[in-house]
Amino acid sequence: MSEQKVVKAKWLFDMVSDKPIEDGAVIFQSGVITFSGNYEKIKNKIQPDAKIYDFKDKIIIPGMVDCHTHHNGFGDGRSGDDVGLIPDDVLAIKSAKNAKTSLYSGVTTIRENGPKNMTMMRLRDAVNGGLTIAPRMVLCGRPISIIGGHMGYFGGEVTGEDESLALARQLIKEGADYFKITATGGSTATSFPLRPSFSKSELFAVTNEAKNYDMLTATHCLSTEGTDYSLDAGVDMIIHCNFDLPNGESKFDPKLTEKIVKKDAYVNPTLHVGRARVWSLMEGKDAALGGFENKRLNSISITKDRKNILDARLDMAKYGLETKLDHCRQMIDMGVKVITGSDSSWGDYALGNTVHETELLVEAGYSNMEGLKSVTINAAKALGLENQVGSIEVGKSADLAILDKNPIEDIKNLNSVTEVFFMGQSIRRGSEDSNNSYIQKSPQI
Ligand SMILES: [Zn+2]
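Calculation criteria
Residues numbered from 1 in each chain as written. Predicted model: local features only at pLDDT ≥ 70, side-chain atom pairs only at ≥ 80, totals over all residues. Heavy atoms only, no water. Pairing = 2+ DSSP bridges. Helix = DSSP H or I, 4+ residues; strand = E, 2+ residues; numbered from the N terminus. Donors = N, O, S within 2.8 Å, 3.2 Å for Na, K, Ca; no water. Buried < 20%, exposed > 50% of the residue type's maximum accessible area, 1.4 Å probe, protein only. 1 Å grid on protein atoms, 1.4 Å probe; cavity = no way out; pocket = protein on both sides within 12 Å on 5 of 7 lines; lining within 4 Å. Points joined across faces, edges and corners; volume = space filled by probe spheres on them. Nonpolar A, V, L, I, M, F, W, Y, C, P; charged D, E, K, R; others polar. Domains from an automatic or database assignment. Core = buried A, V, L, I, M, F, W, Y, C linked by side-chain atoms within 4.5 Å. Contact = heavy atoms within 4.5 Å. Salt bridge = Lys/Arg side-chain N within 4 Å of Asp/Glu carboxyl O. Polar contact = N/O pair within 3.5 Å; in protein donor to acceptor, adjacent residues only side chain to side chain. Buried area = accessible area lost by both parts, 1.4 Å probe. Axes fitted to C-alpha atoms, helices over the stretch in contact; angles between N-to-C directions. Right-handed = clockwise from strand over helix to strand, strands pointing away.

A. Structural view of the sheet that holds strand β13 (residues 237–244). The 5 strands lie next to each other as β11-β12-β13-β14-β15, forming an open sheet whose pairing is parallel. Looking along the sheet, the strands with just one partner apiece sit at the ends: β11 (178–182) and β15 (337–338). The pairing of strand β12 (residues 216–223) with β13 spans 5 bridges and is classified as parallel. Paired with threonine 219 across the two strands is isoleucine 238, which belongs to β13.

This is the structure in C-alpha cells:
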C-alpha cells in the first residue's frame, strides 16, 4: 500500500450534503478516498506515518468537472475553421499545454467536445506513457459531422446511416468514450446553423450503437429542430440548446423544453463563450468567428465603416448573450438538468476559466450551491462518472481542489484555487504569476 495522505482545512464541501463540514478532512491512499468528514471524528483512522496537508482556513471541494472542452483551441478569437488548418502535431502539443492549464485551475475531469483527428487520443497515449499530465479525459475522438457540417474540418464527415455507423465503430476502435455529433450547423463557414444537419435515421444509427456499448451521446444544437431530432433519437446531452428558428429568430420553446425534461436529457447551454466574445469586442479585438457571423452581418444594414462593423458585432454578441441567459433562466425554472460545460478554448474563451460558465449559470438562476453542484457532482452524473468523481466520498478518486475563498459566498471564488490533488497526487502548479496568466477577466471600462 502506498503512503496514506490527509488533507484538512476549515471547510469541506463534500457535495453529498448541501452544508459544508466544519474542520473537515479527507483521508486517502493509493489515489482513493478512504475516509472523509469532521477531522475529530475521523482522526483515529490516521496512521502514524501519514503525510498531512493542513490548509488551515481554506476550503476543500471536489476537483471540478468540465463537461465541454476544446483542448486543441487557443481561446484568442480564432475560428474553428482556422484551428482545423493547423497540423495535427502542433494541435497535440497545444492540447498538452492546455491540459496542464485545466488541471492547475482545479478541473480534474474534462469531456472533450471536438478535437481534430487523433490529436486527443495521442495526448492520452502520451499521458499513459508518463510523458505529461492531464485531467481525467472523456474523449469523443472527433465530432461526427455531415459533409460541410460543423467541425467537419476535424476529420469526421459522413453521409447516410451506414457511414455514420461506420464512423461510430471506427471511433470505438480508436478508444472513444462517447459520441459527439453536430446535429446542426455552427460557426463553421460551410455549415447551416439554423437547420438540422443529420436526418433522424442517421442520428439513430449512432445513438443505437452508443446504447449497444453503454456509451453516452451529445449533440451540438443551435436550432430548435436540431434539438427536437436529437431528443427523438435518444441523445443524452444537448449542447448549446439555442432556440433558433429557420428564419433566424431565437424564440424560447416551452413545449420543446418540456420534452427535454421528459426525456431526462442534460443541457449544456455554453453561456460564457458568448460573453468572452463580448469582452474581446469591448477591448477592441477584431476577432472573426468565421463565415457564419459574416453571413449574419451581411443581412444587417451597416456601412462599410470599420467602427460600425465592430459596433454591430458587439451589439449582436450582447444581444445573443442576453437571449441565451433568458432562455437558460426559463430552462432552469422548468426543471431542466443544466450543467457546466465551458466550451473553452473555443472562440475567445481560453481554458483554465471554467468558473466563468458556472458564474453565468448562477446569473441565470442557480443558487451558488447549485452552481457548485453543476461543476462537480451533477457534471459527473451527466458524464456517467458519478461513481468515480464529483464528490468527496469513500471509494472515489482523491481529486480535490483547495480554495482560498468560499464559493457559497460568491461563486466567483471558484477562481481562488491554491492547490490541486489529482488521483491522490499533489499537483505542482508552478508560480502564482504563471497561474494568474491564464485567467481571463472582464474588461475594466
Ligand atoms: Zn464546443
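The discussion continues.
B. Representation of the coordination of the zinc ion. Protein coordination at the zinc ion comes from His68 (NE2), His70 (NE2) and Asp343 (OD), with a distance range of 2.0 to 2.1 Å. In primary sequence terms, the donor set of the zinc ion follows H-x1-H-x272-D. For the pair shown, histidine 68 and histidine 70 are each scored as buried.

C. A look at the layout of surface pockets. Empty space within the second largest pocket amounts to approximately 590 Å³. Looking at the second largest pocket, it is lined by 27 residues, and the ones nearest its centre are Asn415, Ser416, Val417, Asn436 and Ile439. Elements with a minimum of two residues in the lining of the second largest pocket: α9 (272–282), α12 (355–363), β17 (417–422) and α15 (432–436). For the lining of the second largest pocket, a count of residues per class yields 5 nonpolar, 13 polar and 9 charged. Both domains that furnish three or more residues to the lining of the second largest pocket are identified here as domain 1 (4–62 + 391–436) and domain 2 (64–374).

D. Geometry of the nonpolar core. Among the nonpolar cores identified, the biggest contains 75 residues, and Ile61, Ile144, Phe179, Val267, Val338 and Leu414 are the most heavily contacted of them. Considering every element that reaches this core, the biggest residue donor is helix α11 (residues 306–333), with 8 residues. Counting contributing residues, this core receives three or more from each of domain 1 (4–62 + 391–436) and domain 2 (64–374). For valine 267, the residues in contact, after removing those within four places along its chain, are Ile238, Cys241, Ile260, Met331, Val336, Lys337, Val338 and Ile339.

E. Summary view of the pattern of salt bridges. One pass over the full model with this rule turns up 20 salt bridges. Measuring nitrogen to oxygen at the nearest pair gives 3.4 Å for the salt bridge that ties lysine 396 to glutamate 393. Among the ionic contacts, a cluster of salt bridges with common partners joins Lys200, Asp228, Asp232 and Lys259.

F. Broad picture of the side chain of serine 374. Examined against the element boundaries, serine 374 turns out to sit in helix α13 (residues 368–374). Classification of serine 374 by relative accessible area gives buried; the value is 0%. For serine 374, the side chain forms a polar contact with the side chain of threonine 340, separated by 2.7 Å. Every residue in contact with serine 374, bar those within four places of it in the chain, is listed here: Val338, Ile339, Thr340, Thr358, Leu361, Tyr366 and Ala379.

G. Molecular detail of empty space enclosed by the protein. Applying the stated criterion to the full structure yields 2 cavities of 30 Å³ or more. As for the largest cavity, its lining consists of 14 residues, and the residues nearest its centre are Gly73, Phe74, Val83, Ser345 and Trp346. Residue classes in the lining of the largest cavity are distributed as 4 nonpolar, 9 polar and 1 charged. Considered as a void within the structure, the second largest cavity measures approximately 40 Å³ in volume. The wall of the second largest cavity is formed by Met64, Ser105, Val107, Gly352, Asn353, Thr354, Val355, Leu414 and Asn415. Looking at the lining of the second largest cavity residue by residue, the class counts come to 4 nonpolar, 5 polar and no charged.

H. Layout of the domain arrangement of the protein chain. Taken domain by domain, the protein chain comprises domain 1 (4–62 + 391–436) and domain 2 (64–374). Using only C-alpha atoms to locate each centre, domain 1 and domain 2 end up separated by 31 Å. Taken together, the 25 residues of domain 1 in the interface contact 20 residues of domain 2. At the boundary of domain 1 with domain 2, total buried surface from both sides reaches about 1,900 Å², with 69% on carbon and sulfur atoms. At the surface where domain 1 touches domain 2, the tally comes to 2 salt bridges.

I. Structural context of the sheet that holds strand β6 (residues 64–69). Judged by pairing direction, the sheet is parallel, and its 3 strands sit side by side in the order β6-β7-β8 without closing on themselves. Strands with a single pairing partner mark the edges of an open sheet, and in this sheet they are β6 and β8 (136–138). Geometrically, the sheet is characterised by an average inter-axis angle of 20° between neighbouring strands, direction not taken into account. In this sheet, strand β7 (residues 107–112) lies alongside β6 in parallel orientation, the contact comprising 4 bridges.

J. Layout of the pairing of β7. Counting buried residues in β7 gives 6 out of 6 residues, a clear majority hidden from the surface. Bridging between β7 and β8 involves 3 bridges; their strand directions are parallel. Bridging across to β8, arginine 111 finds its partner in valine 138. Handedness of the β-α-β unit built from β7, helix α4 (residues 119–128) and β8 comes out right-handed.

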